[in-house]
Amino acid sequence: MRPTTRHQRFTPAPLALAAAIAITLAAGHAPRAQAQGTAATETARSIAFNIPAQPLGQALNELARQANLQLSFPAALVAGKQAPAVVGPLTVPQALERVVAGQRLAAAVDGASVILHERPVASDQATLLPTVRAVASAERPGDLPAVFAGGQVAKGARMGVLGNQNVMDIPFSVTSYTAELMENRQARTVADVLTSDPTVRNTVTTGHQYENFKVRGFTVSRGDFAIDGLFGMSGNSNSTIEMFERVELLKGPSVLFTGMAPSGGVGAVVNMVPKRAGAEALTRLSLDVQSASQVGANLDIGRRFGDNQAFGVRINARLADGETTMQGQDRRREFLSVALDYRGQALKASLDAYSSKEKVSGGVGAMFWFATTGTIPAAPDPSINQFPSAKGELDARAVIARAEYEFMPNVSAFAAVGTAKYGNTGFVGGSILNSINASGTSTSSLTYGTLGYQNNQSAEVGLRAIFTTGALLHEMVLQGSQLESKTGTASNTTRITSTNIYNPTYVAMPAVPSVAPLSSKSAWTGLTLADAISAWNDRLKLTLAVREQRVDTSNFSASTGAVTSTYDQSAWVPSLGVVLKPWGDDLSLYANHVRGLSQGESVTKISGYAQDYTFAPYKTQQYEFGLKWNQGRFMHTASLYQLAQPQLISAGTAPSLTASINGEKRVRGLEWSTAGNLVDSVRLLGGIAYTHGVQTKTQGGLTDGKNAVGVPRWQANLGAEWDTPWLPGLTLTGQVTATSSQYLDAANSLSIPGWALLDLGVRYSTQLASKKVVTKLGVSNAMDRHYYSGSFRDTRAIANLGAGRTVSASVSVDF
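Computed from a predicted structure; not experimentally measured. (Residues numbered from 1 in each chain as written. Predicted model: local features only at pLDDT ≥ 70, side-chain atom pairs only at ≥ 80, totals over all residues. Heavy atoms only, no water.)

**Student:** Where do I start with the overall build of the protein in this structure?
**Tutor:** Of regular secondary structure, the protein possesses 8 helices and 49 strands. A burial count over the protein gives 55% of its 815 residues as buried. In the protein, the share of contacts with a sequence separation of at least 24, taken over all contacts with a separation of at least 6, comes to 67%. Accessible surface computed for the protein: about 33000 Å², of which carbon and sulfur atoms make up 58%. (Helix = DSSP H or I, 4+ residues; strand = E, 2+ residues; numbered from the N terminus. Buried < 20%, exposed > 50% of the residue type's maximum accessible area, 1.4 Å probe, protein only. Contact = heavy atoms within 4.5 Å. Areas by Shrake-Rupley, 256 points an atom, 1.4 Å probe, with all protein chains shown as cover.)

Here you go:
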């Protein structure tokens, strides 16, 4: 039971004890009597421990980290054992006793050492089993949350201002995909990783150089991607994943954790966690080939240096070139990243830098915009090149620095700053074939040649403190952040008078502009105060947060450079989350009410409105209830949610139009996802999502009650891996992905059919000349189905085309 004395405060950790233990463990012969004297004094002091329920080995490491101890132990001694949550002001011996409670183990501080031993069995009370003395170093403060059973997802995620959190303690639905999953799936982009999630569907067409998704019925675009919680740094093309250890998907609005996403997405936020050098040296070379003739090479190098391996460097490089599955298209990718980090007792810091360039020639992916009446034609073969003369180039460079300093146990400050520069030229998006009739003929199509740039500066600073008020444990964070962005763009267009999606007409592309004038400046500034309150021995956790968010935007004339419009609005956003574990640490019931922000729209007299008016940021409200069940081998998450987003609607006629945000799009859904080991040799990952999107309030009530655009009712994924018994190291893999039909227009007169895909694969891991070698072969869309994958935009009847059959093979060697 937690102490009930009120107004207790945390006290500094026993530094003298930590020093004595460190000396003893390093040298092995420090004077024991002196260490015992110091330990006896220092271990009497209390520390505000906050150790979640987890495997015993991890709990002991976490205790060591919070107490500034240096220790480790044989893995066999704690294998298969679970530790309960330990929360509150406790001395080191008290915390040790609680961590090993219920086990046939005893732990104690003996002089300058921590001793673990097994308790005697009931039948032989006089015989003590061998004592084991801890002798090595503790888990590092920068380490990621541990990997869950099966290795495909993690037990926790980095949740913005609140830092690393155990999944069972997060009052949201979140999945953290691991580097192991990315490597085994031969994933090249974030889109490849998120094909594992039943709630996510890609909303861009084959051959496109950008990434957009639909999650919970709302668009998630590149502006909703963060690197380690920092927006605006993730690049301007498909996100290559060579530099990332985790890809984390937080479903629903993210204001509580990361502030307002620049793109205003409310369906989810994608957070990418950079790789760090591990304790073991790594030199891995990978070669890969993908149909039609894309050939690539990856190099991954990691090293640690210095006392206690405090300094680390991780280098990732990729070069790929060759023809894709689209006829005549060639794609080249150049990528280099360097990650430096320092892990000290009080200070941890990192520096990440990357450079990326992607060039496409001989065609780009097309968008299919259908006529407002009639039948949608069958999906064409995705290998057909609709714009064979198109080419484009995207480049991105960024540097991100981050540091956190622990002034004393449970009090720390953190800061991060990043700068990024992006450029694009040519046909970097999907050109549009529009007014497509039932026979596939397009009578009016547009293509765009663009030149553009974007310069971003992002920063955050904050304080974090853990303290107690009576029986309550608080983790409080105060964080401020700002993202500034300047963009410039220019474009030329060409109109194709007639073509057919099954037999395209060759048309020369328009010239790319030579100058891209400044088009906009934007700043997103916010201040967040969050408090995660734990009670009832960590079985109840209440998370409260409030954020003040400001959006300041100016748009400029391309010809004169004069300001054409401005936007400067702010909003306060409260958030609430709760986790309850009434029957133990393996089952969490959670709920949240959070609001997501999107930039409000502006109306003008020039557009026919009675007055110029700018709306404050729109507030999308989410209500969610769910449960998480950790069975040891399997983890399940089930959630029931509602998202309601305001919509701009107009009334009257020009020049006396009036505008309001009384419109509404509402999405309700039920989701279930699972990951883990069915048996030791079989791993599963997948789930199912039921989503009901409705236009609840529309202009003039014309489409009230109609289904929301681009929201399929059913989505399901199931992936499996089987380690075969007849050949050690041989694994067979497969995934089934299914999506039901969806509407492309508000009137619900145009729809695309549902689809299902089968992916198959095999990999073989072995040792050659004492080197680890892994070979993989995979086939996505094995049945070569031609299909429209989804809706591109809610306001236009535009569909995207799914990828055809693609074969990938790779071999990697650890030197």
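**Student:** What exactly am I supposed to notice about the side chain of Q735 here?
**Tutor:** Looking at where Q735 falls in the secondary structure, it is placed in strand 42 (residues 730-739). For Q735, a relative accessible area of 4% translates into the label buried. Within polar-contact distance, the side chain of Q735 engages the backbone oxygen of T195 at 3.0 Å. In this view, Q735 contacts R185, T195, S196, N717, L718, G719, L757, L758 and D759; residues no more than four positions away in its chain are not counted. (Polar contact = N/O pair within 3.5 Å; in protein donor to acceptor, adjacent residues only side chain to side chain.)

**Student:** Teacher, can you tell me more about the side chain of S458 here?
**Tutor:** Mapping S458 onto the fold places it in strand 28 (residues 445-469). Classification of S458 by relative accessible area gives buried; the value is 4%. For S458, the side chain forms a polar contact with the main-chain oxygen of F231, separated by 3.2 Å. Here S458 is in contact with L230, F231, M233, A416, V417, G418, Q482 and L483, once residues within four sequence places are set aside.

**Student:** Looking at this model, I keep getting lost on the pairing of strand 10 (residues 174-178). Mind explaining?
**Tutor:** As a general feature of sheets, a regular strand has side chains that alternate between the two faces. Summarising burial for strand 10: 5 of the 5 residues are buried, a large majority. What you see with strand 10 is no split at all: V174, S176 and T178 on one side and T175 and Y177 on the other are buried throughout. Note that strand 10 and strand 16 (residues 244-251) share 5 bridges and pair antiparallel. For V174, the partnering residue across the bridge sits in strand 16 and is L250. (Pairing = 2+ DSSP bridges.)

**Student:** For this particular structure, what's the right way to read the nonpolar core?
**Tutor:** Burial of nonpolar side chains together is a common tendency in soluble globular proteins. Judged by nonpolar contacts, the single largest core of 38 residues is most densely connected at V190, V193, L194, F213, V270 and Y354. Contributing elements (two or more residues each) for this core: helix 6 (179-184), helix 7 (190-194), strand 12 (213-215), strand 14 (225-227), strand 16, strand 17 (268-274), strand 24 (391-408) and strand 25 (411-426). Ranked by residues supplied to this core, first place goes to helix 7 with 4 residues. (Core = buried A, V, L, I, M, F, W, Y, C linked by side-chain atoms within 4.5 Å.)

**Student:** Is there a simple way to think about the pattern of salt bridges in this case?
**Tutor:** Side chains carrying opposite charge are able to pair once their charged atoms draw close together. Tallied over the entire structure, the rule returns 32 salt bridges. One salt bridge in this structure joins D680 and R633, with 2.8 Å as the shortest N-O distance. Of this pair, D680 sits in the loop between strand 39 (658-679) and strand 40 (682-697) while R633 sits in the loop between strand 37 (618-630) and strand 38 (634-651); the two residues are 47 residues apart in sequence, bridging distant segments of the chain. The class for D680 is exposed, based on a relative accessible area of 61%. (Salt bridge = Lys/Arg side-chain N within 4 Å of Asp/Glu carboxyl O.)

**Student:** I'm lost on a nonpolar patch on the surface in this one. Help?
**Tutor:** A cluster of nonpolar side chains, contributed by L347, Y405, F407, M408, L463, L478, L527 and L529, occupies part of the molecular surface with about 720 Å² of accessible area. When residues of the nonpolar patch are traced back to their parent elements, those giving at least two are strand 24 and strand 31 (518-535). The element contributing the most residues to the nonpolar patch is strand 24, with 3 residues. Tracing the chain through its elements places L463 in strand 28. (Patch = residues over 30% accessible without salt bridge, like charges linked within 9 Å, V, L, I, M, F, W, Y side chains within 5 Å.)

**Student:** How should the packing of aromatic side chains be read in this particular structure?
**Tutor:** Aromatic ring pairs: the centre-centre distance and the angle between the two ring planes describe each pair. In total, this model carries 10 aromatic pairs according to the counting rule given. Relative to F407, the ring of Y405 has its centre 5.2 Å away and its plane inclined at 75°; by these criteria the two rings are edge-to-face. Y405 gets classed as partly exposed once you look at its relative accessible area, which sits at 37%. Residue classification places F407 among the exposed residues on the basis of a relative accessible area of 53%. (Phe/Tyr/Trp six-rings, centres within 6.5 Å; stacked < 30°, edge-to-face > 60°.)

**Student:** Could you clarify how one ought to interpret the pairing of strand 38 in this entry?
**Tutor:** Across 10 bridges, strand 37 lies against strand 38 in antiparallel orientation. Note on strand 38: the bridge partner recorded for Q622 is L643. Here strand 37 folds back onto strand 38, and the loop between the two strands holds 3 residues, one of which, G632, carries a positive phi near 90°. Joining the antiparallel neighbours strand 38 and strand 39 is a turn of 6 residues, in which G652 adopts a positive phi near 90°.

**Student:** Any chance you could explain the sheet that holds strand 11 (residues 200-202) here in plain terms?
**Tutor:** Pairing between the strands of a sheet comes from backbone hydrogen bonds, and it takes one of two forms, parallel or antiparallel. Read from one edge to the other, the open sheet built from 3 strands follows the order 11-12-13, with strand pairing classed as antiparallel. Sheet topology places strand 11 and strand 13 (218-220) at the edges, where each strand pairs with a single neighbour. The sheet shows a mean angle of 35° between the axes of neighbouring strands, taken without regard to direction. Summarising the sheet, strand 11 and strand 12 pair through 3 bridges and their orientation is antiparallel. Bridging across to strand 12, R201 finds its partner in K214. (Axes fitted to C-alpha atoms, helices over the stretch in contact; angles between N-to-C directions.)

**Student:** What is the right way to look at helix 3 (residues 56-66) in this model?
**Tutor:** Since one α-helical turn is 3.6 residues long, residues separated by three or four positions face the same way. Judged by how many residues are buried, helix 3 sits mostly within the fold: 9 of 11 residues are covered. Among all positions of helix 3, only L56, G57, A59, L60, N61, E62, L63, A64 and Q66 are buried.

**Student:** Explain the sheet that holds strand 14 to me, please; I cannot follow it from the model alone.
**Tutor:** Taken in spatial order, the 5 strands line up as 10-16-17-14-15 in an open sheet, and their pairing is mixed. Every interior strand has two partners, whereas the edge strands, strand 10 and strand 15 (230-231), have only one. One ladder, built from 2 bridges, connects strand 14 with strand 15; its direction is antiparallel. Looking at the pairing, I227 lines up with L230 of strand 15.

Honestly, that's just the spatial picture; any functional story needs more than this.
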